[in-house]
Each structure stands twice: as structure tokens, then as C-alpha cells.
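Close look at the chain arrangement
As a plain string of letters, each chain reads:
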Amino acid sequence: MMEPQLPIGILDSGFGGLSVMRAVHAALPHERLIYAADCGFAPWGDRTDDYINARVDAVVNFLVFQGIKALVVACNTATAVAVARLRSSLPIPVVGIEPAVFPAVRETQAGKAGVLATVKTIASSKYCRLKAQALAWAAENRPMPVEIIDAPCPGLMECVERGEFHSPATRALVERYVRPIALAGADRLVLGCTHYPFLAEEIARAAGPQIKLIDPAPAVARQLGRRLDETGARRGSGLGACTFYATDPTDARERVLKTLWNDSAVLRPLA
């Protein structure tokens, strides 16, 4: 049994996983959270499996050294590439994240749902299996044919990392990826990268009012809570705390962190 006072580790290639950490902090306010971002080696979304596995291992090793009781892989790309291996090798609960395709196919009334994600996530065998399973479920349970429209989105993650949430370049990139999904008649849009909730305002603007955005972060927080309960590791009282680490923690990156979290956040070096 893990000691409840031990911290929870959360990792991502950059700051996108803060959208998951926000949901975890809200659902589990007593927990100590350690966030580790691999900013100095990001992005991961268009890299090889070998590169992603090597970087994931470097960040995981750092978090394990901190004595974590659970690990949240707050990155769709890393989940697709590495989460099965991590679950088999680590003696603690490992919770990943994946595009919320099932909610999209359950909820759509138009029979069309879009998925925004990185190139690597869209191309991964894990996502392809998830998509096939969702479509098979829809074929048996929905009264209309259901289509999933994939949209690989190179460049969007970098917009968040630079703190460019509403710049003309960011808006143009969002339009390029989202408008074809809107024009195809979709009424659900999955945010399949943890960075994308921070661009939700621009994505919603490009999508139009007929499209509902789906963020999987709250479901990840609920699953983490279940896993902590199963292992007797949930911290039921006390003041939660959040600590932030990154590779290459520059002043510019700390400013982005403060924008995404709060002004008191301090970015420490991930050695």
C-alpha cells in the first residue's frame, strides 16, 4: 500500500498537461502534485517512438526519484507510445489520457465528430484501435451512421508553449484545422492533445456554436481518484501543494506557466 502523503507525478512534453493537472487539483484538492514538463526537448508529437520513449523515461525517472505514489501521463502522444510499457514496469498506478472518442460518438446528433490531435497520436496504433472500437460501438448502438474526422495539428502545441493564445498566427492555424471539420457538419470536437484546452476560445470561435468541445481531463482526474482509492493511497485531508519542474526552465517559460496556472507558480529545473 502506498503512503497517502506521498505526491502524485504528472508529466507532459510541455505545459499542455497543466489542463489535466487543473482537473486533478480540483477533484483531489488534498493531494501533493509534482508537474514535470520536458520543454527543452519538446515537441514530442512528430517524433519517433524511440525519441518519445527515451524522453518519457528521463522524466519518469526524475518523478520516481521524488517518491511519487502514482503517475499521470498527461500527454496523448506519450500515452499512445509508452503507457503500456510504463504500467508493466512501474509498481505504482499509471493513468494515461486518450482522445475522448467514445463520448463524441455517444453524444453526436449529426453523426459526425472531429478529433484534433498531434500527428503521432493520430497515426498511433492505440488511437486507431480506439477509433475502430468507438465506430463499432456506434454501428450497433446509434440510430445513424457515425463518422470520425481526424485532424492532425502540427504547430498548435507550440503556440501554447510560446504563450500565443490569440495571436494572428495561432488563429490562422486553428482556422486551418477546425474549419474543415465544421464545414463537414460535425457537432462534436475532441481536444485530443492536452495543450488544446488552452486554445479553446479560438477553437470554439473557428468551430462555430453548433459544435461542442470535449475535453478528457475531468475523466482522467476521476480515474486517478479511483486508482488511489483502490490502493488506499488517497490523501483525505491536509493542504494540497503543486510544484513545477521543466527541462530548460527559462524566464519566458516561467511567464507562460504563471499565465496558465497562477502568478505564484515557480518553475524549477528538471535535472
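Structure's up top.
Sequence order sets the numbering: in each chain, residues are counted from 1 along the sequence as written. Note on the predicted model: pLDDT of at least 70 is required for a residue's local features to be given, and 80 or more for side-chain atom pairs to be given and counted; whole-chain, interface and lining totals, by contrast, use all residues. Computation of side-chain values covers all heavy atoms of the structure but excludes hydrogens and water.

Examining the pattern of salt bridges
Salt bridges are identified by distance alone: a Lys or Arg side-chain nitrogen within 4 Å of an Asp or Glu carboxyl oxygen. Following the criterion strictly, the structure yields 16 salt bridges and no others. The salt bridge partner of Glu202 is Arg205, with a shortest N-O separation of 3.2 Å. One end of the pair, Glu202, and the other, Arg205, are both in helix 9 (residues 200-207), 3 residues apart, so they sit about a helical turn from each other. Its relative accessible area of 44% is what places Arg205 among the partly exposed residues. Between Arg227 and Glu230 there is a salt bridge, with its nearest N and O atoms 2.6 Å apart. With a gap of 3 residues between them, Arg227 and Glu230 both fall in helix 10 (residues 217-230), about one helical turn apart. Buried, partly exposed and exposed residues are distinguished by accessible area as a fraction of the type maximum, computed with a 1.4 Å probe on protein chains only: under 20%, between the cut-offs, and over 50%, respectively. What makes Glu230 exposed here is its relative accessible area of 58%. Secondary structure elements are taken from DSSP: a helix is a run of H or I of four residues or more, a strand is a run of E of two residues or more, and numbering for both begins at the N terminus.

Here we look at helix 9
Restricting attention to buried positions, one finds in helix 9 the residues Glu202, Ile203, Ala206 and Ala207. Looking straight down helix 9, one finds that the buried residues subtend no more than 130° of arc, so they occupy a single side. What makes two residues a contact is simply this: any of their non-hydrogen atoms within 4.5 Å. Looking at the buried side of helix 9, the elements it contacts are strand 5 (112-117), helix 8 (168-183), strand 7 (188-191) and strand 8 (212-214). Following helix 9 by one or two positions, Gly208 adopts a phi angle in the positive range, close to 95°. Arc definition: it is the arc formed by the directions from the helix axis to the C-beta atoms.

From the geometry alone we can't say anything about function, so treat these as descriptive.
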